[in-house]
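Survey of secondary and tertiary structure
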Amino acid sequence: MTYNINDKGYYGEFGGAYIPEMLYPNVEELRQNYLKIMAEPSFKKEFDQLLKDYVGRPSPLYFAKRLSDKYNTKIYLKREDLNHTGAHKVNNTIGQILMAKRLGKTRIIAETGAGQHGVATATVCALMGMQCIVYMGEIDIARQAPNVARMKMLGTEVRPALSGSRTLKDATNEAIRDWINNPVDTHYIIGSVVGPHPYPDMVARFQSVVSEEIQWQLKDKEGTTKPNYVIACVGGGSNAAGAFYHYLEDTEVNLIAVEAAGKGIDSGESAATSALGREGIIHGSKTLLMQTNDGQITEPYSISAGLDYPGVGPMHAHLYTSGRAEFISITDDEAMTAGLELSQLEGIIPAIESSHAFAVLAQKKFQPKDIVIMNLSGRGDKDLQNYIDYFKL
Amino acid sequence: MNRINKKLQEDKKLLSIYFSAGYPSLNDTVSIIQNLEKSGVDMIEIGLPFSDPLADGPTIQASSTQALKNGMTTEILFNQLKDIRKTVSIPLIIMGYFNPILQYGVEAFCKTCQEIGIDGLIIPDLPVDVYNEHYKAIFETYGLINVFLITPQTSVERINFIDSISNGFIYMVSSASVTGSSSGFGEIQTSYFKRIANMNLKNPQIIGFGISNHDTFSQATQYAKGAIIGSAFIKNLTQNGLASISKFVSQILR
C-alpha cells in the first residue's frame, strides 16, 4: 500500500479530476506538464534560489525547551512562521508562479479565505510582474481587512465572491469560473492540496520542502532523520501535506492531523471534516466533505479562517480512512489556550491555525524520549485582533 | 426507443429549455414542464439544484440557491415528477452535479429516473473517462442517455472519443464560458460551429450557453440540430412568472 498518489491521480479511492469539460483543457495541460517542468534543472534551480534568498529558507527547526519541559518530551518547532509573508503558503505560490511562467501564462487567479494564500499569491505576482486577481468571499473581505489591504498594496485586484455563502468555498467557485472563462492565458494558483488532480500532488510537492528540511535538520540535532511524531493542523491540508510528505511511507513515524472542532464536534459549528464528513465531490476532487444527506455542501465554522473549509485534501482523506494518520479535533477554546501558552513559554505568537496543532500537546501523552515535531505553519500577527477579542487583552 | 433518440429523428430544429427545479417556488416544477410542452418546446432539462454549481453563471446559481432555500431535495424532485408521464410526452433530462447523485446512490438514482420516465442525464462534473469506466453499464441498464459536453477548446481526438461513447446528442458549449455569459455569436463561435458540423459526428449536436433569443437560436441551429436556453428563460421566469412561458417560447420560435 502506498500513501502517496498513484499514476491515475488518486490517493487510495480519493482524488481524481471531477471537472466540467470546460476546465478539461486547462487541467490536462497542467497534468501533462507539471512533473516534467518540476524536474527541469533550471526550474529546480530557480525554485530553490527563491526559497533561499526571497522566502528565507531553510526555516529553522527549533528545540522548544520550555515547552518540552512542560510536556516532558522533546518538542521541535518547524518555523514556517518565519517565512516571508508569515506562513508556509509562499512555498507553493513560488512554485506555481514559476510553473505558470513556463506554461506561458500571463494572468494569475487565486482564491483566498483568510487572505493568507491571497497575500502569498499577490506577493509572487508582484515579484514576477504578473497580473493577479484574487477572489475572496464578500464576508471574508469584511473580516480580513488588513490582508485585503496588503493584496491591494501589492498590486492585486481583490474581487468579492457574492454567490452562495460568500466565503472560501464560494471564492473557489468564482476562481474556477474565471478559469473556465479564460482558458488560455490564465493560471489558477490553488492554495491548498485540494482541487482536481494534479493540484493536490503539485501543491504537496511544493510544500514537501518542509519535511525534506526536517529530515536533515533533525539528523544534525538528534542523529536521526525520523521523529516519533509529526503534528500539523489541517484545513485543506497543505502545511500538513508538506510536513508529512517524506514520512508518508515510513510508518515508524506517527502522523497527527489536527482539525478544527470549532465550538465542538456536535455543536453544529465545526470544521472537523474527518469526523463530520462523508465521501463526495468538492471542487473537482473525490474526498471527505461536510454535506447534507442530500449532497449539498455545508458551511463549516472555526475561529480560524484558515481551517474552515468544508472538505479536506484527498491525501488526507486517504490518510484518515487508511488509519495512516491519527486525526484529532481541537475546539476554539483549546486552540486559543494553546496559542497563549506557546506565546508565554517560547516567545512565539502562532497563527490560530497552528495553535490547533499545539493544543494536542495537552491531550496526548508522549514519552520523555519521543521526538515530536510541531509544524508551526504561520505567525499570529494576522490573528492579533482575534486574540485581543478572545483574551480581552 | 428512447424519447430523446426519437425526437432527434424529427425533421426540425429542436428547442430545449433548462430550468432549476424548485424555482421560483418549490412546487412549480410540474407546472413549468407542462407549460413548456404546451408552448412547443421539444425537450426539457430539469436542473437538480446544487450548492456549488461550478459551470454555471450567476443567474442559474442564484435560482439554484433559491431552490435549495425553498427546500428542494433529490427526493422531493422525484416525488414531484412521479406522475409526470401521465401528462407530458416530450423528452425529459435531469441536469445536475455529481455529488447529490453520488449521495443518492448512482444506481438508485438511475433506477428512479427510469421509473419516472426520465430519458437522459447531463452531469457536467462527471468526467467522460470516469463515466466510461464505472457508470456506463448502470446508465444503460436503466435506459438512460448520458449527454457529454464539448467546448471550443476540446481536442478533435477527445471529441471523437466522446462521440464514440455517446448515444444521444452532444451538448456543444458555444464558447469558453459559464452559463449566461455572452450575448450574440461572433466569427469565432460560428467558425467553431462550422468546424464541428463538418466533423460529421454520429451524434447530432445541440448548442447551449449564450442562446437567449430568436436571433441566437436561429444562428445556432444553422449549424446544429438544436439549441438550449437556460439563463434567459430563468431571467424571464424571475421577471414575468410562469404565465409568461408561452410568450417567451413563441418569441424564440417565431
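Up top is the structure these notes are about.
Residues numbered from 1 in each chain as written. Chains lettered and ligands numbered in written order. Predicted model: local features only at pLDDT ≥ 70, side-chain atom pairs only at ≥ 80, totals over all residues. Heavy atoms only, no water.

Further remarks concern the layout of surface pockets. In this structure, the largest pocket occupies an estimated 690 Å³ of space. If you trace the largest pocket, you find 29 residues lining it, with Lys-8 and Ala-17 of chain A together with Pro-127, Asp-129 and Val-130 of chain B closest to the centre. Every element with two or more residues in the lining of the largest pocket is listed here: helix 1 (24-39) of chain A together with helix 7 (128-141) of chain B. Tallying contributions element by element places helix 7 of chain B first for the lining of the largest pocket, with 6 residues. Residue classes in the lining of the largest pocket are distributed as 16 nonpolar, 4 polar and 9 charged. (1 Å grid on protein atoms, 1.4 Å probe; cavity = no way out; pocket = protein on both sides within 12 Å on 5 of 7 lines; lining within 4 Å. Points joined across faces, edges and corners; volume = space filled by probe spheres on them. Helix = DSSP H or I, 4+ residues; strand = E, 2+ residues; numbered from the N terminus. Nonpolar A, V, L, I, M, F, W, Y, C, P; charged D, E, K, R; others polar.)

Here we come to the sheet that holds strand 5 (residues 107-112) of chain A. All names here are of chain A. Spatially, the 4 strands line up as an open sheet ordered 7-6-5-8, and their pairing is parallel. In this open sheet, the two edge strands, each paired with only one partner strand, are strand 7 (157-161) and strand 8 (186-189). Adjacent strand axes in the sheet meet at a mean angle of 25°, parallel and antiparallel pairs treated alike. For strand 5 and strand 6 (residues 131-137), the ladder comprises 6 bridges, and the chain directions are parallel. Paired with Thr-112 across the bridge in strand 6 is Met-136. Its contacts with the sheet place helix 4 (residues 89-102) against strand 5 and strand 8, and it is angled at close to 165° to strand 8. (Pairing = 2+ DSSP bridges. Axes fitted to C-alpha atoms, helices over the stretch in contact; angles between N-to-C directions. Contact = heavy atoms within 4.5 Å.)

With 34 residues of chain A at the contact, the number on the chain B side is 36 residues. When the two sides are added together, the surface that chain A and chain B hide from each other amounts to roughly 2,800 Å², 54% of it contributed by carbon and sulfur. Taken as a group, Glu-21, Met-22 and Arg-177 of chain A account for 23% of the area that chain A buries against chain B, more than any other trio of residues on that side. At the surface where chain A touches chain B, the tally comes to 3 salt bridges. Glu-133 of chain B is paired through a salt bridge with Lys-8 of chain A; the nearest N and O atoms lie 3.7 Å apart. Connecting chain A to chain B are 17 residue pairs in polar contact (both at pLDDT 80 or more). At the level of secondary structure, the elements contributing two or more residues to the side of chain A that touches chain B comprise helix 1, helix 8 (168-181), strand 11 (278-282) and strand 12 (285-289) of chain A. With 7 residues, the top contributor of residues to the side of chain A that touches chain B is helix 8 of chain A. The residue makeup of the side of chain A that touches chain B, split by class, is 15 nonpolar, 10 polar and 9 charged. (Buried area = accessible area lost by both parts, 1.4 Å probe. Salt bridge = Lys/Arg side-chain N within 4 Å of Asp/Glu carboxyl O. Polar contact = N/O pair within 3.5 Å; in protein donor to acceptor, adjacent residues only side chain to side chain.)

So, about the packing of helix 1 of chain A against helix 9 (residues 199-207) of chain A. Residue and element names in this part refer to chain A. Where helix 1 meets helix 9, the axes come as close as 10 Å, and the angle between the chain directions of the two elements is 20°. Judged by the angle between their axes, helix 1 and helix 9 are roughly parallel. The two elements helix 1 and helix 9 cross, and the hand of that crossing is left-handed. Note on element contacts: helix 9 touches helix 1 through Tyr-199, Asp-201, Met-202, Arg-205 and Phe-206, opposite Leu-30, Tyr-34, Leu-35 and Met-38. Split into classes, the residues belonging to the contact of helix 1 with helix 9 amount to 7 nonpolar, no polar and 2 charged. (Parallel < 35°, antiparallel > 145°, perpendicular 65-115°, else oblique. Left-handed = near helix turned anticlockwise from the far one by under 90°.)

What follows concerns the environment of Gly-226 of chain B. Residue and element names in this part refer to chain B. Note on placement: Gly-226 falls in strand 9 (residues 226-229). Overall, the relative accessible area of 0% leaves Gly-226 in the buried class. Taking the C-alpha atoms as reference, Gly-226 lies 22 Å from Ser-244; in sequence the two are 18 residues apart. For Gly-226, the contacting residues outside a window of four places in its chain are Leu-14, Gln-205, Ile-206, Ile-207 and Thr-221. (Buried < 20%, exposed > 50% of the residue type's maximum accessible area, 1.4 Å probe, protein only.)

It is worth spelling out the sheet that holds strand 1 (residues 14-20) of chain B at this point. Residues and elements named next belong to chain B. As summarised here, the arrangement of the 9 strands in space is 5-4-3-2-1-9-8-7-6, forming an open sheet in which the pairing is parallel. Lying at the two open borders of the sheet, with one neighbouring strand each, are strand 5 (145-147) and strand 6 (149-150). As judged from the 3 bridges shared by strand 3 (residues 92-96) and strand 4 (residues 120-122), these two strands associate in the parallel manner. Bridge pairing in strand 4 links Ile-94 to Leu-121. Its contacts with the sheet put helix 4 (residues 74-81) on strand 2 (43-48) and strand 3, and the angle it makes with strand 2 is roughly 150°.

With that settled, consider unusual backbone geometry. With glycine set apart, most residues show a phi of negative sign, and most peptide bonds adopt trans. Residue and element names in this part refer to chain A. With omega at 0°, the peptide bond leading from Arg-57 into Pro-58 counts as cis. Topologically, Pro-58 is positioned in the loop between helix 2 (41-55) and strand 3 (61-63). Residue Pro-198 is bonded to the preceding His-197 through a cis peptide linkage, with omega at 15°. By secondary structure assignment, the location of Pro-198 is in the loop between strand 8 and helix 9. Its identity is not glycine, yet Lys-392 carries a phi of approximately 50°, on the positive side. Residue placement: Lys-392 occurs in the segment after helix 16 (384-391).

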